[in-house]
Amino acid sequence: SKRQLKAAAMLVEEVERRTGVRWRVAASAEGARASVIVGLRNEVAALAGVTPPASPGPEGYSNGVNAAAARVYIAGADDRGVLFGVGHLLRSLDLRRGRVTLDAAYSITTAPETKLRGHQLGYRPKPNSYDGWDIPQWQQYIRDLIVFGTNAVELIPPRSDDDADSPHFPRPQMEMMIAMSRILDEYGLDVWVWYPAMDEDYSKPDTVEFALREWGEVFRQLPRLDAVLVPAGDPGHTPAPILMPFLEKQSANLKKYHPNATMWLAPQGFDQK
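Residues numbered from 1 in each chain as written. Predicted model: local features only at pLDDT ≥ 70, side-chain atom pairs only at ≥ 80, totals over all residues. Heavy atoms only, no water.

Colleague: Tell me about the sheet that holds strand S2 (residues 61-66), residues and numbers included.
Modeller: Here four strands make up an open sheet; going across it, the order is S1-S3-S2-S6 and the pairing mixed. Strands with a single pairing partner mark the edges of an open sheet, and in this sheet they are strand S1 (35-40) and strand S6 (108-110). Averaged over all neighbouring strand pairs, the angle between strand axes comes to 10 degrees, with direction disregarded. Of the pairings in the sheet, the one linking S2 to S6 comprises three bridges and is antiparallel in character. Bridge pairing in S6 links Asn 63 to Ile 108. Along the sheet face, helix H2 (residues 41-48) touches S1, S2 and strand S3 (71-76) and points at about 155 degrees away from the line of S1. (Pairing = 2+ DSSP bridges. Helix = DSSP H or I, 4+ residues; strand = E, 2+ residues; numbered from the N terminus. Axes fitted to C-alpha atoms, helices over the stretch in contact; angles between N-to-C directions. Contact = heavy atoms within 4.5 Å.)

Here you go:
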């Protein structure tokens, strides 16, 4: 699949960055003195010359070595398993200038304990560095998170509880948000958006219509969007009886552009009632 090829490319490029050694990507191990076999478990077995153990769950992998054939294998349970298996191998290789080595006893079969493993990456003035990053920095940072098992990233829309601009921005916020969504989709990671409901009064139809248009335009432009998280406070001040019907409308708005996406509400700010 495209995402398995992306995982293989990440392995090749990250090894080359640290060693200067460029591995050739091929569909066969024939003629190679040594090889790394990357793919789903049922595909890897024939090329690796061994049958890898089954992963204990989704997004898992079984990595190991067939020393007799000089073949390392990464056997993913699924596309994400392949990706995270590549990440574990990168953490395990001894990478030096002009040389790549691996312990012949290298072996691991594992799967994540938790389903959602995410970070908020807010391209906005509030953090100390993110507002100065351009697309190559985000690409590398997302790769670094993948290597340690991250499977979701939460973005922030252009209008939030922050300044609308930064002297360090290399690109407009919406342009960068689109680019980050595209990068995450290429690797197969979930895309979340933290979307505060900050308008003054959602009991007014005009306010609701404005918000539906504004949020909908953000939803429409994102190449991938899996979930939206709306905080009921910090920021936000709308009581539940008004906020819930508003979010029902926004959920329908979201599904117009991303039919399988989900809407989540953080009750921060709600009182007992």
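Colleague: Quick one: what's the story with the packing of aromatic side chains, residue by residue and with numbers?
Modeller: Counted by the stated rule, this structure contains 12 aromatic pairs. Here the aromatic rings of Tyr 195 and Trp 215 are separated by 4.0 Å at their centres, their planes lie at 20 degrees, and the arrangement is stacked. One end of the pair, Tyr 195, is in the loop between strand S9 (190-194) and helix H6 (205-221); the other, Trp 215, is in helix H6, and 20 residues separate them in sequence. Between the aromatic rings of Trp 215 and Phe 246, the centroid separation amounts to 5.6 Å while the plane-to-plane angle is 80 degrees, which identifies the pairing as edge-to-face. With a gap of 31 residues between them, Trp 215 in helix H6 and Phe 246 in helix H7 (residues 240-257) connect regions that are remote in the sequence. (Phe/Tyr/Trp six-rings, centres within 6.5 Å; stacked < 30°, edge-to-face > 60°.)

Colleague: Residue-level account of unusual backbone geometry, with values.
Modeller: Residue Asp 234 is joined to Pro 235 through a cis peptide bond whose omega torsion reads -5 degrees. Tracing the backbone through its elements, the reader meets Pro 235 in the loop between strand S10 (227-231) and H7. Of note in this structure, Asp 234 is not a glycine but carries a positive phi near 60 degrees. Counting through the fold element by element, Asp 234 comes out in the loop between S10 and H7.

Colleague: Any chance you could break down the packing of helix H4 (residues 135-147) against helix H5 (residues 173-187) for me, citing the residues and the numbers?
Modeller: Where H4 contacts H5, the two axes come as close as 10 Å, and the packing angle between them is 35 degrees. By crossing handedness, the relation of H4 to H5 is classed as right-handed. Every residue of H5 that contacts H4 at Ile 135, Trp 138, Gln 139, Ile 142, Arg 143 and Ile 146 is listed here: Met 176, Ala 179, Met 180, Ile 183, Leu 184 and Tyr 187. (Left-handed = near helix turned anticlockwise from the far one by under 90°.)

Colleague: Just give me the short version of the environment of Leu 40, but keep the residues and values in it.
Modeller: Within the secondary structure, Leu 40 sits in strand S1. Accessibility expressed as a relative area gives 21% for Leu 40, which makes it partly exposed. With residues up to four places along the chain from it excluded, the contact list for Leu 40 reads Gln 4, Gly 76, Ala 77, Asp 78, Asp 79 and Val 82. (Buried < 20%, exposed > 50% of the residue type's maximum accessible area, 1.4 Å probe, protein only.)

Worth remembering: the numbers are spatial, not functional.
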